[in-house]
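Descriptive analysis of the structure
Each chain is listed here by its residues.
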Amino acid sequence: MQFIDTHCHIHDSEFSKKYAQSVEDIIKNAKNVGINKYICVGTSAVSSKQAVEFSNKYSGAYASLALHPHEISDIGAEKCNTEFLKLEPLIKASNKKIIAIGECGLDYFYHPQTDVQQAQQVLFRSHIDLALKYDLPLIFHIRDAFDDFFKILDEYNLKGLKVKGVVHSFSAHMPQLVGCLDRGLYIGLNGIMTFTRDQLQLDAAKAVPLDKLLLETDAPFLTPKPFRGMMCELKHVVNTAEFLSNLRNESLNKISEFTSTNAINLFSL
Ligand SMILES: [Zn+2]
């Protein structure tokens, strides 16, 4: 059985140095349980560049580039503009290992201030424009901001510009799920599902059509049960898959097949 981790940050030096084991060991552990492909997701210009370098070094690694919406408050909107401009040259210089733009989007959970939210929207649109220019799918980070997210996507879709991608770390409820599916998006589920106490999140996770489901770890974050308290690594994607297999009453084999095919199709892996 194979699994694809569509969202991790093990390439990021800020996190990789915190693991007790080497990156090579993390990759080897993953291979032992059938994970041969994984997407290293950028959150800043620096970590996006590191994702590209990592994907050039390790055959199973792929890179996604973006500034996380948190960057607006972390470094300021103006600095975000100049940092964002560093992404396109990476794409131009790249081989085929850059397969997506993300994680980008809107996070109103941590940022209730209107000016920050507006700046996030501007930065988010820049990412969508970049993805459309290079015909790449997007990896969306959306938290407490689905109304504005859908509004922005619909503006593009109305112009006939087809925005494709995955809502990563989906942990919202049925209305938001329906909104994502109506717009043809994939849904990325991770360790949150194994420890959430929100039944409505689980109801939505059950309702994701198999042909729209993707697996991810968000490593080093969101370690699934029963390994809470440990650093999350690629191999833990299997624990989330097993949990979903029970929750959804589908064989692990079926989850493996569909989620792998979906990842290969969306990201052209
Ligand atoms: Zn992430």
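Relevant structure appears above.
All of these numbers come straight from a predicted model, not from anything done at the bench.

**What about the overall build of the chain?**
Across its full length, the chain carries 13 helices and 8 strands. Computed over the C-alpha atoms, the radius of gyration of the chain is 17 Å, within 12% of the 18 Å expected from 2.2 N^0.38 for a compact globule of 269 residues. A principal-axis box enclosing the C-alpha atoms of the chain has dimensions of 45 × 40 × 35 Å. Here the chain holds 269 residues, and 58% of them are scored as buried. Here the analysis covers contacts within the chain between residues at least 6 apart in sequence; of these, 73% occur between residues at least 24 apart. In the structure as shown, the chain presents an accessible area of about 11700 Å², 52% of it carried by carbon and sulfur atoms. Of the side-chain charges in the chain, 28 are positive and 31 negative, and the distance between the mean point of each set is 5 Å.

**Examining helix H12 (residues 237-248)**
In an α-helix, one full turn covers 3.6 residues, which means residues spaced three or four apart are oriented alike. Its 12 residues give H12 an end-to-end C-alpha distance of 16 Å, which sits within 8% of 16 Å, the value for a rise of 1.5 Å per residue. Here H12 lies mainly inside the structure; 9 of its 12 residues are buried. Every buried residue of H12 is listed here: Val 237, Val 238, Asn 239, Thr 240, Ala 241, Leu 244, Ser 245, Leu 247 and Arg 248. One or two residues past the end of H12 sits Asn 249, with phi positive at roughly 60°.

**Side note on unusual backbone geometry**
Each neighbour pair has its own omega, and for Gly 102 with Glu 103 the value is 10°, a cis peptide bond. Relative to the assigned elements, Glu 103 resides in strand S4 (residues 98-107). Although it is not a glycine, Asp 218 sits at a positive phi angle of roughly 60°. Position of Asp 218 relative to the elements: it lies in the loop between strand S8 (213-215) and H12.

**Focus: the coordination of the zinc ion**
For the zinc ion, every protein donor is listed as His 7 (NE2), His 9 (NE2), Glu 103 (OE) and Asp 218 (OD), and the spread of their distances is 2.1 to 2.3 Å. Here the zinc ion binds 4 donor atoms, and the angle range of 84 to 175° at the metal identifies the geometry as irregular.

**Concerning the side chain of His 7**
Structurally, His 7 is set in strand S1 (residues 3-8). Sequence-distant contacts of His 7, that is, excluding residues within four places in its chain, are made with Ile 39, Val 41, Glu 103, Ile 139, His 168, Glu 216, Thr 217, Asp 218 and Ala 219.

**With respect to the packing of aromatic side chains**
Scanning all chains against the criterion turns up 10 aromatic pairs. Here the aromatic rings of Phe 140 and Phe 149 are separated by 4.9 Å at their centres, their planes lie at 65°, and the arrangement is edge-to-face. Assigned by exposure class, Phe 140 and Phe 149 land together as buried. For the ring pair Phe 146 and Phe 150, a centre distance of 5.7 Å and an interplane angle of 50° mean the geometry is tilted.

**Let's talk about the nonpolar core**
Counting residues in each nonpolar core, the largest one holds 78 residues, and the members touching the most others are Ile 10, Tyr 38, Phe 54, Phe 140, Phe 146, Phe 149 and Phe 170. No other element matches the 7 residues that helix H7 (residues 114-133) contributes to this core. In this structure, Phe 140 is in contact with Cys 104, Phe 124, Phe 149, Leu 153, Val 163, Gly 165, Val 166, Val 167, His 168 and Leu 185, ignoring residues within four places of it in sequence. Among the nonpolar cores identified, the runner-up in size contains 14 residues, and Ile 4, Ile 39, Ile 99 and Ala 100 belong to it.

**Details of the pattern of salt bridges**
Evaluated as defined, the whole model comprises 10 salt bridges. In this structure, Glu 83 engages Lys 79 in a salt bridge whose closest nitrogen and oxygen atoms are separated by 4.0 Å. Linking Glu 83 with Lys 79, this pair stays in helix H5 (residues 77-84), spanning 4 residues, or about one helical turn. Using a relative accessible area of 44% as the deciding quantity, one classes Lys 79 as partly exposed. With a shortest N-O distance of 2.8 Å, Asp 154 and Arg 183 are connected by a salt bridge. Linking Asp 154 in helix H8 (residues 146-158) with Arg 183 in the loop between helix H9 (174-182) and strand S7 (186-189), this pair joins segments that are 29 residues apart in sequence.

**Thoughts on the sheet that holds strand S5 (residues 138-143)**
Pairing in this open sheet of 8 strands is parallel, and the strands run S1-S2-S3-S4-S5-S6-S7-S8 from one edge to the other. What marks the edges here is a single partner per strand, and that holds for S1 and S8. Adjacent strand axes in the sheet meet at a mean angle of 30°, parallel and antiparallel pairs treated alike. As defined by bridge partners, S7 adjoins S8 across 3 bridges and the pair is classed as parallel. Looking at the pairing, Ile 187 lines up with Leu 213 of S8. Against the sheet, H7 makes contact with S4 and S5, and its axis sits at roughly 160° relative to S4, the strand it touches most.

**Quick word on helix H11 (residues 199-207)**
If you check which residues of H11 are buried, you get Gln 201, Leu 202, Ala 204 and Ala 205. Around the axis of H11, the buried residues are gathered within 160° of arc, so they sit on the same side. The secondary structure elements touched by the buried residues of H11 are H9, S7, helix H10 (192-195) and H12.

Calculation rules
Per chain, residues are indexed from 1 in the order of the written sequence. For this predicted model, a pLDDT threshold of at least 70 governs which residues receive local features, and a threshold of 80 or more governs which side-chain atom pairs are given and counted, while totals over whole chains, interfaces and linings are taken from all residues. Note that the side-chain values use all heavy atoms of the structure and ignore hydrogens as well as water. By the criteria applied, helices consist of DSSP H or I runs no shorter than four residues and strands consist of E runs no shorter than two, each listed in order from the N terminus. Radius of gyration means the value over C-alpha atoms here, while the globule rule gives 2.2 Å times the residue count to the 0.38 power. For the exposure calls, accessible area comes from a 1.4 Å probe over protein chains only, and a residue counts as buried if that area is under 20% of its type's maximum, exposed if over 50%, partly exposed in between. The contact definition used throughout considers only heavy atoms, calling two residues in contact when any of these lie within 4.5 Å. Computed with a 1.4 Å probe, the accessible areas rest on the Shrake-Rupley method; for each residue, only the protein chains presented here act as cover. Only four residue types enter the tally: Lys and Arg on the positive side, Asp and Glu on the negative side; His and the chain ends are excluded. In this description, the location of a charge corresponds to atom NZ of lysine, CZ of arginine, CG of aspartate or CD of glutamate. Take the residue count of a helix, subtract one, and multiply by 1.5 Å to get its expected span. Each metal site lists N, O and S donors within 2.8 Å (3.2 Å for Na, K and Ca). With water left out of the atoms, a site can look as if it is missing ligands. In these descriptions, tetrahedral denotes four donors with every angle between 85 and 135 degrees, square planar four donors and octahedral six donors with opposite donors over 155 degrees apart and the rest between 65 and 115, and irregular any other case. Two aromatic rings from Phe, Tyr or Trp, using only the six-membered ring of Trp, form a pair when their centres are within 6.5 Å; if the ring planes differ by under 30 degrees the pair is stacked, by over 60 it is edge-to-face, and anything between is tilted. Remark: nonpolar core denotes a set of buried residues (Ala, Val, Leu, Ile, Met, Phe, Trp, Tyr, Cys) joined through side-chain atoms within 4.5 Å. Here a salt bridge means any side-chain nitrogen of Lys or Arg lying within 4 Å of a carboxyl oxygen belonging to Asp or Glu. When DSSP finds at least two bridges between two strands, those strands are taken to pair. With axes taken as lines fitted to C-alpha atoms, and helix axes fitted only over the stretch in contact, angles between N-to-C directions fall between 0 and 180 degrees. The arc in question is traced by the directions running from the helix axis to the C-beta atoms.

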